[in-house]
Protein chains: 2
Amino acid sequence: MKDQTSTLRQTDDDALELARKLQHTSPYAALAVIDPQTQFPFASRILLCTDMDGCPAVLVSALATHTAALREDGRASLLVGEPGKGDPLAYARMTIQCRAKAVDRDGIDHKRLRKRFLARHPKAALYIDFTDFCFFRLMPEWASLNGGFGRAYRIEGRDLLIHSPANALIADHADEIERYVYEKFPHIFDNIAAASGVSRKTANSAWRVAGVDCEGLDIAEGELFIRYNWEALVTSLDATYSNIAKIASVTTKT
Amino acid sequence: MKDQTSTLRQTDDDALELARKLQHTSPYAALAVIDPQTQFPFASRILLCTDMDGCPAVLVSALATHTAALREDGRASLLVGEPGKGDPLAYARMTIQCRAKAVDRDGIDHKRLRKRFLARHPKAALYIDFTDFCFFRLMPEWASLNGGFGRAYRIEGRDLLIHSPANALIADHADEIERYVYEKFPHIFDNIAAASGVSRKTANSAWRVAGVDCEGLDIAEGELFIRYNWEALVTSLDATYSNIAKIASVTTKT
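Quick caveat, the model's predicted, so the values are computed rather than measured.

1. Topic: the overall build of chain A
- The secondary structure content of chain A amounts to 7 helices and 10 strands.
- Expected size for 254 residues packed as a compact globule is a radius of gyration near 18 Å; at 19 Å, chain A falls within 12% of this value.
- Reported as C-alpha extents along the three principal axes, the dimensions of chain A are approximately 60 × 45 × 35 Å.
- Every one of the 254 residues in chain A was classed for burial, and the buried ones make up 55%.
- Of the roughly 11,700 Å² of accessible surface on chain A, a fraction of 51% belongs to carbon and sulfur atoms.
- When the 31 basic and 33 acidic side-chain charges of chain A are each reduced to a single mean position, those positions are 3 Å apart.

2. Structural notes on the relation of the copies chain B and chain A
- Overlaying chain B with chain A gives an RMSD of 0.0 Å, the required rotation being 180° about an axis along which the chain moves by 0.0 Å. One copy is carried onto the other by what is essentially a two-fold rotation axis.
- In this assembly the copies share their binding face: 100% of the residues contributing to the interface of chain B also contribute to that of chain A.

3. Section: the sheet that holds strand β10 (residues 224-229) of chain B
Residues and elements named next belong to chain B.
- With antiparallel pairing, 3 strands are arranged side by side in an open sheet as β8-β9-β10. Of all the strands in the sheet, just β8 (208-213) and β10 have a single pairing partner and so form its edges. Pairs of neighbouring strands in the sheet enclose a mean axial angle of 20°, with direction left out of account.
- Note that β8 and strand β9 (residues 216-221) share 5 bridges and pair antiparallel. By the bridge assignment, G211 is partnered in β9 with D218.

4. Points about the sheet that holds strand β8 (residues 208-213) of chain A
All names here are of chain A.
- A sheet is described by the order of its strands in space; here 3 strands give the open sequence β8-β9-β10, paired in antiparallel fashion. Strands with a single pairing partner mark the edges of an open sheet, and in this sheet they are β8 and β10 (224-229). Here the average twist between neighbouring strands, direction ignored, is 15°.
- Here strand β9 (residues 216-221) pairs with β10 via 6 bridges, running antiparallel. The residue of β10 that forms the bridge with I219 is I226.
- Sitting on the sheet, helix α1 (residues 13-25) touches β8, β9 and β10, and the angle it makes with β10 is about 135°.

5. A few points about the packing of aromatic side chains
- Summed over all chains, the structure comprises 18 aromatic pairs over all chains.
- With centroids separated by 6.0 Å and ring planes inclined at 35°, the aromatic side chains of Y182(A) and F189(A) adopt a geometry described as tilted.
- Take F189(A): its relative accessible area is 2%, and that puts it in the buried class.
- The interplanar angle of 75° and the centroid separation of 6.1 Å between the aromatic rings of Y228(B) and W230(B) together place this pair among those described as edge-to-face.
- When its relative accessible area of 5% is taken as the criterion, W230(B) is described as buried.
- In this structure an aromatic cluster arises from ring pairing among Y127(A), F130(A) and F133(A).
- Taking NZ or CZ as reference, R120(A) lies 3.4 Å from the ring centre of F225(A), over its face.

6. Details of the interface of chain B and chain A
- Listed by partner, the interface residues are 44 residues for chain B and 44 residues for chain A.
- When chain B packs against chain A, the two sides together hide about 4,000 Å² of surface, and 64% of this comes from carbon and sulfur.
- The largest per-residue losses of area from chain B upon contact with chain A belong to F40(B), R45(B) and L63(B), which jointly make up 20% of the total buried on that side.
- For the pair chain B and chain A, the number of links is 2 salt bridges.
- Taking the shortest distance from any N to any O, the salt bridge between E82(A) and R45(B) comes out at 3.5 Å.
- Where the side of chain B that touches chain A is concerned, the elements lending two or more residues are β1 (28-34), β2 (41-50), β4 (75-80), β5 (93-102) and β6 (133-146) of chain B.
- Per-element accounting of the side of chain B that touches chain A gives the leading share, 6 residues, to β2(B).
- A breakdown of the residues in the side of chain B that touches chain A according to their chemical character gives 20 nonpolar, 12 polar and 12 charged.

7. Overview of the packing of helix α5 (residues 174-184) of chain B against helix α7 (residues 237-248) of chain B
All names here are of chain B.
- The contact between α5 and α7 brings their axes to 11 Å, and the two run at 25°. If you check the angle between α5 and α7, you find them roughly parallel. The handedness of the crossing between α5 and α7 comes out as right-handed. When α5 is examined against α7, the residues E176, I177, Y180 and V181 are found in contact with a partner set consisting of L237, T240, Y241, I244 and A245.
- Classifying every residue of the contact of α5 with α7 gives 7 nonpolar, 1 polar and 1 charged.

8. So, the pairing of β10(A)
- The buried fraction of β10(A) is high, at 5 of 6 residues.
- Counting the residues between successive antiparallel strands, the hairpin from β9(A) to β10(A) contains 2 residues, one of them, G222(A), with a positive phi of roughly 60°.

9. Considerations on the nonpolar core
- Judged by nonpolar contacts, the single largest core of 31 residues is most densely connected at L78(A), M94(A) and L138(A).
- Residue contributions to this core peak at 5 residues, all from strand β6 (residues 133-146) of chain A.
- If near-sequence neighbours (up to four positions away) are discounted, L138(A) is found in contact with L31(A), C55(A), P56(A), V58(A), A76(A), L78(A), C98(A), R99(A) and A100(A).
- In terms of nonpolar packing, the next biggest core, distinct from the first, is built from 30 residues, A15(B), L16(B), L48(B) and V60(B) among them.

10. Side note on the environment of D51(B)
All names here are of chain B.
- Along the polypeptide, D51 turns up in the loop between β2 and β3 (56-61).
- Separated by 129 residues in sequence, D51 and Y180 place their C-alpha atoms 21 Å apart.
- Apart from residues no more than four positions distant in its own chain, D51 is found in contact with R112, L113, R116 and R137.

11. Some words on helix α3 (residues 108-120) of chain A
Residues and elements named next belong to chain A.
- Compared with an ideal rise of 1.5 Å per residue, which puts 13 residues at 18 Å, α3 spans 19 Å between its outermost C-alpha atoms and is within 8% of the ideal.
- Those residues of α3 not exposed but buried are H110, L113, R116, F117, L118, A119 and R120.
- Among the structural elements, α1, β2 (41-50), β3 (56-61), β6, β8 and β10 are those in contact with the buried residues of α3.

12. Observations regarding the confidence of the model for chain A
- Taken as a whole, chain A shows an average pLDDT of 92; of its residues, 94% reach a score of 70 or greater.
- Interface scoring of the predicted complex returns ipTM 0.94; its pTM is 0.94.

Reading guide: rules and limits
Residues numbered from 1 in each chain as written. Chains lettered and ligands numbered in written order. Predicted model: local features only at pLDDT ≥ 70, side-chain atom pairs only at ≥ 80, totals over all residues. Heavy atoms only, no water. Helix = DSSP H or I, 4+ residues; strand = E, 2+ residues; numbered from the N terminus. Rg over C-alpha atoms; globule rule 2.2 N^0.38 Å. Buried < 20%, exposed > 50% of the residue type's maximum accessible area, 1.4 Å probe, protein only. Areas by Shrake-Rupley, 256 points an atom, 1.4 Å probe, with all protein chains shown as cover. Lys, Arg positive; Asp, Glu negative; His and termini not counted. Charge placed at Lys NZ, Arg CZ, Asp CG, Glu CD. Least-squares fit on C-alpha atoms with pLDDT ≥ 70 in both. Contact = heavy atoms within 4.5 Å. Pairing = 2+ DSSP bridges. Axes fitted to C-alpha atoms, helices over the stretch in contact; angles between N-to-C directions. Phe/Tyr/Trp six-rings, centres within 6.5 Å; stacked < 30°, edge-to-face > 60°. Lys NZ or Arg CZ within 6 Å of the ring centre and 35° of its normal. Buried area = accessible area lost by both parts, 1.4 Å probe. Salt bridge = Lys/Arg side-chain N within 4 Å of Asp/Glu carboxyl O. Nonpolar A, V, L, I, M, F, W, Y, C, P; charged D, E, K, R; others polar. Parallel < 35°, antiparallel > 145°, perpendicular 65-115°, else oblique. Left-handed = near helix turned anticlockwise from the far one by under 90°. Core = buried A, V, L, I, M, F, W, Y, C linked by side-chain atoms within 4.5 Å. Expected span 1.5 Å × (residues − 1). pLDDT = per-residue confidence, 0-100.

So this is what it looks like as structure tokens:
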């Protein structure tokens, strides 16, 4: 039998960028866990967000099979990246092998994830505070990226995370950063959309900030979600503000 | 902690119909297996077809992680049913817990599945005969159907299978049945599309038979796939022909 690694390509910057994009922008995923009653794998659909350090997080109900499974055995797998029209196997997807850890409902991690999750999935406001709902962080150990036929790569977990000393600082100031964006640079959304090659222009009022972290800014409007990456990793609050001012100044608006 | 079964609804005919439809018509799925090297669950995307008895089947490469896993441990889980626009959790999906069994490449099962898979996924002709590709049948043990918020059902594996003494007979005569459809009733495709509420009319020549079994007929045109169920389970070749003639006669065409 051939060695499986022989089919892997050398992981380059393009592969890493695609991997991070799939992890960060996928609104939902298939989550595979080990069913504690049968030891079978069990696949289900969950909504995703990412935490400040890039770690994927899921909001789950205690009534669901996957939640009981994750409490028993943290080994989990996420399949992100959905196909469009045509051959499903021609579309990029990634299997992320993770260790799940429950998030204490009374702690600061829950509060931060609650905000980030709602920014990503506003409709979850209907149930996010139900007592049987909780978050798990799914820490990536490694991932198998498939960019389409014959384009397979192995990605290390550390390359899917955001390693900045300012992660906690930016999280603490997220509300303030958002207000800054809305008040000072309401046209930033159109600039980011244009920079991302999204032609649709939307009334500024419909756009929202869907998250900020040390690698970039997420904006959303309805189903549309755009990740804008800073030119370099941010390690201070000032650098975050100056990155925002920079993209806001790209196009002059009146 | 609440008993999980307390959240399940009583499985009725509508739930069974939805479950069978998801299993039979999903072109692809997330497949979860146990990675033999790490004992982690591992989720990946695969193309699906169903066999004559309704059993899901996958075509996989020996170079892929899921294939090595299935050879080692047949416990598998399929997530079928893809979301559209809007809230992904509002769309029906089903987790099918299965036992995987490799299909001998030299046997009659392989030949039958090869035909059915190609009818479903014509582009797979590019690689289906590569020596490292093989089929696994994924026999359903039970399934968890989620029809949207608060609509969870347990489905038994036997209810996802086609129990007819004529399964093998219809498989043996599949080519002949197809020729009968194309030669005698070229307008049957439009009739089935209309009966299924599909308004698009396509030149007859673009439609194809995508499968025939004891519960119904599948037709396809490009990405469009329609399952037409016979009024009752078929247990003979004659009954198959008369069912075809019946739907062909619904609308008079000139």
